[in-house]
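# Fold and geometry: a report
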Amino acid sequence: MENFETIAVRTQTERTQFQEHSTPLYLTSSYVFEDSEDMRASFAEEKERNIYSRFTNPNTSEFVEKIVKMEGAEAGYAFATGMAAVFSTFAALLNSGDHIVSARSVFGSTHGLFTKYFTKWNILHSYFNVNEPETIEGLIKPETKILFAESPTNPGVDILDLEYLGEIAKKHDLILIIDNCFATPYIQNPMKYGADLVIHSATKLIDGQGRVLGGVTVGREDLVREIYLFSRNTGPALSPFNAWVLSKSLETLPVRLEKHSENALKVAEFLQDVPQAESVKYPFLKSHPQYEIAKKQMKLGGNIVGFQIKGGLHAGRKFIDKLELCTRSANLGDTRTIVTHPASTTHSKLSSEELEAAGISEGLVRISVGLEHVDDIIADLRQALGSV
Ligand SMILES: *Cc1c(COP(=O)(O)O)cnc(C)c1O
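Residues numbered from 1 in each chain as written. Predicted model: local features only at pLDDT ≥ 70, side-chain atom pairs only at ≥ 80, totals over all residues. Heavy atoms only, no water.

## Some words on the domain arrangement of the chain
One can read the domain layout of the chain as domain 1 (4–250) and domain 2 (253–385). Here the C-alpha centre of domain 2 lies 27 Å away from the C-alpha centre of domain 1. The interface of domain 1 with domain 2 comprises 36 residues on the first partner and 37 residues on the second. Buried surface at the junction of domain 1 and domain 2, both sides included, amounts to about 3100 Å², of which 59% is carbon and sulfur. We note a salt bridge from Lys296 to Asp161, for which the minimum N-O separation is 3.0 Å. (Domains from an automatic or database assignment. Contact = heavy atoms within 4.5 Å. Buried area = accessible area lost by both parts, 1.4 Å probe. Salt bridge = Lys/Arg side-chain N within 4 Å of Asp/Glu carboxyl O.)

Rendered as structure tokens:
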């Protein structure tokens, strides 16, 4: 098996007659057939080839192949956004009456999907608290089909033991799906621990530069086949242009994440010592409650740091307002450091009980540490904290 960095750089579509070194863009909606027999055989799937770009395209295939290799998966399919990947994966595999067991701390729109839309089709869910994984088995019913989680979680930066989830899924014959967005395939490979499918929002660290949206699901071939057939009919496909951008981005994923994680650890260590911070959460800080699990399943700590500002909602807002270099933005995993205050923004509609259940306190600040010089990032955080 090739090393990760080599896969990232050298997995490429076949060179054309023009002998290009870097993969070109294939902006084409459809592909040409030799004759009616060629066309018949292609539609019958007797041949593996491109038919129409809603199904496959050389750029999306290159992107998918890289993620498949990086995650140690069998197959995959790429989507226009991370949410298209989440929705299509669940919708392809579930029937009315099926049940999902999921961590309560999931991405906001995933929570919206479970609570507002799947309920319309009689697909119900039960949530477990990420800090009480021993309660998971008690939630499993005869109708339960999928066990779902993110690790690290957003925005609480809690860690779930993937090996433990893998054991539960195996014991109860559930499909284990992990949203691996915060870790990326460079830092963590859930399939090693028994995940059947892995989902990424490629919009975040995979693009890494805040440019395009994308998503991907990889994993067991039989399950990906179902997802592919569903998507071929319903049309959530990734655009070739975005696939081309994302595949190029993957070439630098390892070097970017080494630096992101180095900067993030320094930011976390800085915050540990400031009087305005009540507590700091970063997977590779020894004080993280699940530090040992993080060390077991993650290669690096990643770029997300969570900290608790003293003074709750008011202090959180004031701190965000005073930032000069770091940006107030909804994205994460960008080269630019982004700071968010979930209680007053993304999660402002939740009651205080719901906030607590989701692992969010009023003073929680999430930092997506970027690739600026770490001294400049820390200087900005220090001056903003000074005014709280
Ligand atoms: C952003 C995000 C998504 C959704 O991805 P989009 O590309 O924005 O649709 C899903 N899961 C997690 C954990 C995310 O951070």
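## Regarding the pattern of salt bridges
Close approach of charged atoms allows side chains with opposite charge to pair. The final tally for this structure, using the stated rule, is 18 salt bridges. Asp196 is the partner of Arg220 in a salt bridge, and the nearest nitrogen-oxygen pair spans 3.1 Å. Residue Arg220 is located in the loop between β7 (215–219) and α9 (221–234), and its partner Asp196 is located in the loop between α8 (184–187) and β6 (197–201); the two are separated by 24 residues in the primary sequence. On the basis of relative accessibility, which here comes to 12%, the residue Asp196 falls in the buried class. One salt-bridge network, held together by shared partners, links Glu2, Glu65 and Lys69. (Helix = DSSP H or I, 4+ residues; strand = E, 2+ residues; numbered from the N terminus. Buried < 20%, exposed > 50% of the residue type's maximum accessible area, 1.4 Å probe, protein only.)

## Focus: the side chain of Asn189
Position of Asn189 among the secondary structure elements: in the loop between α8 and β6. Overall, the relative accessible area of 17% leaves Asn189 in the buried class. Side-chain polar atoms of Asn189 contact the backbone oxygen of Met70, separated by 3.0 Å. Residues contacting Asn189, with those up to four places away along its chain left out, are Met70 and Glu71. (Polar contact = N/O pair within 3.5 Å; in protein donor to acceptor, adjacent residues only side chain to side chain.)

## Overview of the site of the ligand
Taken together, Thr81, Gly82, Met83, Phe107, Glu150, Asp179, Cys181, Phe182, Ser201, Thr203, Lys204 and Gly214 form the complete shell of residues around the ligand. In this structure, Lys204 approaches the ligand through a side-chain N or O atom, which is 2.7 Å from an oxygen atom. When grouped by side-chain class, the residues that make up the shell around the ligand number four nonpolar, five polar and three charged. (Near = heavy atom within 4 Å. Nonpolar A, V, L, I, M, F, W, Y, C, P; charged D, E, K, R; others polar.)

## Structural notes on the UniProt feature "modified residue: N6-(pyridoxal phosphate)lysine" (unreviewed entry) in the chain
In the numbering adopted here, UniProt assigns the feature "modified residue: N6-(pyridoxal phosphate)lysine" (unreviewed entry) to Lys204. Within the element layout of this structure, Lys204 appears in the loop between β6 and β7. Under the relative-accessibility criterion, Lys204 is labelled buried at 10%. (UniProt positions renumbered as here; feature names shortened; annotations may be inferred.)

## Let's talk about the state of the cysteines
Inspection of every chain in the model, using the stated rule, returns zero disulfides. Cys326 takes part in no disulfide bond, and the closest cysteine sulfur to it belongs to Cys181, at a distance of 20 Å. The exposure class of Cys326 is buried, given its relative accessible area of 3%. (Disulfide = S-S within 2.5 Å.)

## Let's talk about the sheet that holds strand β8 (residues 277–281)
With antiparallel pairing, four strands are arranged side by side in an open sheet as β8-β9-β11-β10. For this open sheet the edge positions go to β8 and β10 (338–340), each flanked by a neighbour on one side alone. Pairs of neighbouring strands in the sheet enclose a mean axial angle of 20°, with direction left out of account. Inspection of the sheet shows β8 paired to strand β9 (residues 304–309) by four bridges, in the antiparallel sense. Bridging from a neighbouring strand, Val280 pairs with Phe307 of β9. Sheet strands touched by helix α13 (residues 312–322): β9, β10 and β11 (364–368). Its angle to β9, the strand with the most contacts, is close to 125°. (Pairing = 2+ DSSP bridges. Axes fitted to C-alpha atoms, helices over the stretch in contact; angles between N-to-C directions.)

## Some details on the sheet that holds strand β4 (residues 144–150)
Taking strand neighbours across the sheet as the criterion, the seven strands line up as β1-β7-β6-β5-β4-β2-β3 in an open arrangement whose pairing is mixed. This sheet does not close on itself; its edge strands, each paired only once, are β1 (75–79) and β3 (124–128). Neighbouring strand axes in the sheet, compared pairwise and without regard to direction, differ in orientation by 20° on average. Relative to β6, strand β5 (residues 175–179) is paired through three bridges, and the arrangement is parallel. Bridge pairing in β6 places Asp179 opposite Ile199.

## Details of the packing of aromatic side chains
Taken as a whole and assessed by the stated rule, the structure comprises 17 aromatic pairs. Note on Phe90 and Phe114: the rings are 5.4 Å apart at their centroids and 80° apart in plane angle, and the pair reads as edge-to-face. On the criterion of sequence distance, the pair formed by Phe90 in helix α4 (residues 82–93) and Phe114 in helix α5 (residues 108–117) is long-range, its members being 24 residues apart. Taken together, the ring pairs connect Phe87, Phe90, Phe114, Phe118, Trp121, Tyr127, Phe148 and Phe230 into an aromatic cluster. Across the ring face of Phe55, the terminal group of Arg232 is positioned such that the distance to the ring centre comes to 4.0 Å. One Lys or Arg, Lys295, reaches over the ring of Phe284 and ends 4.3 Å from the middle of that ring. (Phe/Tyr/Trp six-rings, centres within 6.5 Å; stacked < 30°, edge-to-face > 60°. Lys NZ or Arg CZ within 6 Å of the ring centre and 35° of its normal.)

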